[in-house]
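Analysis of the macromolecular model
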Amino acid sequence: MDIGFIVFGLSGLLTLVCFMPPLAGRVKLPYSVLLAIVGCLLGIGLHLHGWAPPVLGDLFDTIERFEISSETFLMVFLPVLLFETALAMNVRRLMDDIGPILMMAIVAVVVCTVVVGFAVNAVSSYGLVACLLLGAIVATTDPVAVVGIFREVGAPKRLTTLVEGESLFNDAASIALYSVLLAVLGGTGTLSVSGIFTDFVVHFIGGGLAGYVMGRGACFLFAWLRGFPTAEITLTLTLAYLSFFISEHYLGVSGVVATVIAGLVVGSTGRTRMSPVTFEHLASSWEQFGFWANSLIFIFAAMLVPKLMAATDLQELLLVVVVFVVTLLARGIVVFGLLPLLGLTPLGTKVSTPYKLVMMWGGLRGAVSLALALAVTEQAAVPEDARHFIAVVTTGFVLSTLFVNGMTLRPLIRMLGLNQLSMVERTIRNQALVVALEDLQDKADDIAKTDHISPEARDRIHAVFDASLASVHDGQVSQMTDEQRVAVGLVILAQREQEMFFDILKAQIVDWRMAESLLARSERLEDAIRSGGLEGFERGIVADVRYSRAFRLALRTHYTFGFQSWLAYELGKRFASLLTKQSVAQRLIVFSREQIAPLLGETAAQQIVAVHQRRLDLIAHALQALNLQYPSYALWLQESYLGRTARELERIRYHDMLEQFLISGEVYADLMNQLKSRWRHIDKHPPLDMELGAAELITRVPLFEGLSADSLRAISRLLKPRLALPDQPVLTRGRHGLEMCFVASGAVSVQLPDGTAIELGSGEFFGELALLGEQQIMPDVYSLGYSKLLMLSLRDFEALLARDVNLRERVQVVAKQRLRAIEVWRQFSQTGTTSPSATPVPQVTAPLPETPSAAPTEAASPNPATAAVSEGSAPSKPAPAAASEAETRARPPSPPSAAQES
């Protein structure tokens, strides 16, 4: 056929398809049903177009000469339909209902195949294998019509997920059974349960692995194509076809499953791997691809219906009725019989009776069943009567589900009330409507005043708002309990948080790896809220700041083998993650006060703000521990975060100037080049300051100042390394006097007797006075993170002093100085003043360890207790203005959770 006529025919069909969606809406028919009707009419008209004018006659002749084979359906249209549906699926929601979905996708196909096969075999003479083959063909469902109806009537999102998830995987199960049974019917295979099961498992699992590998490979390639949206979208299109074809023809596994898994991988991770602009256009592009594929496959399949049904007799029509009833019965067995049993297992989730009714009645069949039936007619090895029987019954059955189930599904959903909002959703809707209308009413009045609109016109518009407000009972929000309002508000904020993380990715403040981690943790937090409400959120925010398994493994590898780069990477990732979460949490608190309070009430908003403030405190506490441990790296991260934000603001400013024609395209390009050069340094990671060595730590201790090199080496050899876990007690009252500790890396919290707490970071030490028998202050010490400590035991310390007379004398002098500081502190704590006769505290100068500006060292504080447990330099004289730096940042001690990280 001339290529020009092929293009002419396809263009004519697509032009016809353009008018189908609005026509379906006007005549109140499902879109797929209308396509089936039009396709049947077109199939009839192809043989009766002698009356048509030349242009229309040539179009009919061209369409009639199209060679529509089963290969066309399966290789051209099916990958696009599968990939488009998988791409739009929320993988986390899919996994929440993976039990029911796999039950309907796999078990239901097997049950339908067996029940239909034996039932039809009992009332016909076509043989068991042919009847089982018919059962496998009609077992696959088509979600297009059903999902379209769901969206039209406002069915719950979970119901849509269940039906779409089933349709994604049952095609694979159906085609796997179809392939085995077709080989048996053609004389090239044997029928056995074990053979079918093994073939199915290999095809299904193998296809899943192949699709996952190819999907992840495509996500890796997106990094090379960033900035070229057309190339990125084209790669997704080629992935749909390559995953299907390579799996089927080279790997010998299910191409359907491979395409589905590849689509799920791209849909879940592509949002962070692609350039942000691309992903915004990706969904609309694939919606367009899906519209073309679905429309054409239905038109072409329906055009074959008149030909397939031309020689139908009464017996075959009765078999269509039998198949319709039996498939409905088989689906009912699975939905009402096996799904409740699945609920007794860990994979099971509760599915309500209305959902089950809609799932049973909504099992419409479509183009895939017609394509498989058409493929049977093309098999010369299959007996002719079996080919005719399968083609006619399948076609009649598909039409029955479209016209009977499809036409009645909408009334069924309305009758069951699944299109109705719940009480909580209705209340939120009404309250949102009140807030929006009142705000818009005020804005309309301002516009009328500014633009000098006549009072009559303004009053008429005002009346519209008044009438709408009068019809909404905004007092219904009081019917919700505080727990319900708080839970709803937390869910709103969780969804808002995910969008904020995506906005941060678009602004290139974080890379795609970090965005992927942040989005995953945010989704898990939303799941915790949905399942546990406020308590779930409390548990979720504690889990959110824990060290990851990867971090713990990297730390163990570092301490065991000295491998540092992996730990540096994990620490950098944790730094950036906490910093980003802190920024988002602060903005969520503002959002709660401004948006949640009018919507859910001030009381609920205050509770939501309080729990998010607790989350912010947990994040700040975790960041403080890292700031103490890695001050230089923390400073660079803050600079990088602010620099990336400034870079994005500058880019937006130049883009706005270009849009307003203030600058030309050439000027814009030059400004963008300067921007990249100006901010290039913020993407270069500095080395991570991992830990201090024993020799360097010893030189910081005033007790050991001025010692000989031999004495320092002797002390360093006595230090024993020890790893402290988060919130693990390091030095409790029972251990005082037995050892002193140096913080090589990490940070610890010292709980002082006056109820305050100080934090000591890398390079600091504690417990040295207790080694001298001076246990006047015995604070509890806890690790703030994974800290590496160097311990000096009392036995080793005493042996060292016995050998070195100069060291013993030096230690005694410094100890007297520090004990005098403690005496002054106690006097001040009891009276608020110091005695005029108090002996001035001798000073011992020693360099202070470097600490970040956000967390100054307590050694510089006027609190002598702080000095007694932290730095070697003695404190300055206390004064009544005791709102010291240490007291300002000291926190009331909180009981550690020893099990938090275990």
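By convention here, each chain's residues receive numbers from 1 onward along its written sequence. Two thresholds apply to this predicted model, a pLDDT of at least 70 for residue-level local features and 80 or more for giving and counting side-chain atom pairs, whereas whole-chain, interface and lining totals are computed over all residues. In computing side-chain properties, one takes all heavy atoms of the structure into account and sets aside hydrogens as well as water.

Considerations on unusual backbone geometry
This is how it is decided: Segments assigned H or I by DSSP are reported as helices when at least four residues long, segments assigned E as strands when at least two residues long, and all are numbered from the N terminus. Note on classification: 1.4 Å probe, protein chains only; a residue is buried when its accessible area is under 20% of the maximum for its type, exposed when over 50%, partly exposed between these limits.
In this model, His-452 sits at a positive phi of 55 degrees, which is unusual for a non-glycine residue. Looking at where His-452 falls in the secondary structure, it is placed in the loop between α20 (423–450) and α21 (455–470). Using a relative accessible area of 73% as the deciding quantity, one classes His-452 as exposed. Notably, Phe-661 is not glycine yet its phi reads approximately 60 degrees, a positive angle. Locating Phe-661 in the fold gives a position in the loop between α27 (631–659) and α28 (665–678). Residue Phe-661 is classed as exposed on the basis of its relative accessible area of 73%.

Some words on the packing of aromatic side chains
Under the convention used in this document: Between rings of Phe, Tyr and Trp, where Trp is taken as its six-membered ring, a pair exists when centres lie within 6.5 Å; planes separated by under 30 degrees are stacked, by over 60 edge-to-face, and by other angles tilted.
Inspection of the entire model under this criterion finds nine aromatic pairs. Each ring, one from Tyr-126 and one from Phe-389, has its centre 4.1 Å from the other, and the planes form 10 degrees; the classification is stacked. Separated by 263 residues along the polypeptide, Tyr-126 in the loop between α7 (98–123) and α8 (128–138) and Phe-389 in helix α19 (residues 384–415) bring together distant segments of the chain. Residue classification places Tyr-126 among the partly exposed residues on the basis of a relative accessible area of 23%.

Structural notes on α7
One turn of the α-helix equals 3.6 residues, which is why residues spaced by three or four share an orientation. Where we set the bar: Expected helix span is computed as 1.5 Å times (number of residues minus one). To obtain the bend at a residue, axes are fitted to the seven residues ending there and to the seven starting there, and the angle between these axes is taken.
Compared with the 38 Å implied by 1.5 Å per residue over 26 residues, the 37 Å span of α7 between its first and last C-alpha is a close match. At Ala-108, α7 shows its strongest bend, of approximately 35 degrees.

Focus on the sheet that holds strand β2 (residues 729–731)
As a reminder, the rule being used: Pairing between strands is defined by DSSP: at least two bridges between the two strands are required. In this analysis an axis means a line fitted to C-alpha atoms, helices contributing only their contacting stretch, and an angle means the value between N-to-C directions, from 0 to 180 degrees.
Ordered in space as β2-β7-β4-β5, the four strands form an open sheet in which the pairing is antiparallel. Each edge of the open sheet carries a strand with a single partner, namely β2 and β5 (757–760). Between one strand axis and the next, the sheet turns through 30 degrees on average, direction left out of account. Here strand β4 (residues 748–751) runs beside β5; their pairing, made up of four bridges, is antiparallel. Each bridged residue has a counterpart across the sheet, and for Ser-749 the counterpart in β5 is Glu-759.

With respect to the side chain of Arg-331
To keep it simple, the criterion reads: The contact criterion used is simple: two residues touch if any of their non-hydrogen atoms lie within 4.5 Å.
By secondary structure assignment, the location of Arg-331 is in helix α16 (residues 314–342). Ignoring sequence-local partners within four residues, the contact set of Arg-331 consists of Met-104, Thr-141, Glu-166, Met-359, Met-360 and Gly-363.

Observations concerning empty space enclosed by the protein
For the record, the criterion: Buriedness of a pocket was judged along seven lines, with at least five required to meet protein on both sides within 12 Å; pockets are open sets of points on a 1 Å grid over the protein atoms alone, cavities are sets where a 1.4 Å probe fits but cannot get out, and lining residues have an atom within 4 Å of a point. Grid points are joined across faces, edges and corners, and a volume is the space filled by probe spheres set on the points. Polarity classes work like this: nonpolar for Ala, Val, Leu, Ile, Met, Phe, Trp, Tyr, Cys and Pro, charged for Asp, Glu, Lys and Arg, and polar for all others, with Gly in that last group.
The full count for this structure, using the stated rule, is six cavities of 30 Å³ or more. Here the second largest cavity is characterised by a volume of approximately 80 Å³. Considering the residues around the second largest cavity, the lining is formed by Met-104, Ala-108, Val-109, Cys-112, Ala-139, Thr-141, Glu-166, Asn-170, Thr-327, Ala-330, Arg-331 and Arg-365. Of all elements in the fold, only α7, α10 (157–185) and α16 reach the threshold of two or more residues within the lining of the second largest cavity. With four residues, the top contributor of residues to the lining of the second largest cavity is α7. By residue class, the composition of the lining of the second largest cavity is six nonpolar, three polar and three charged.

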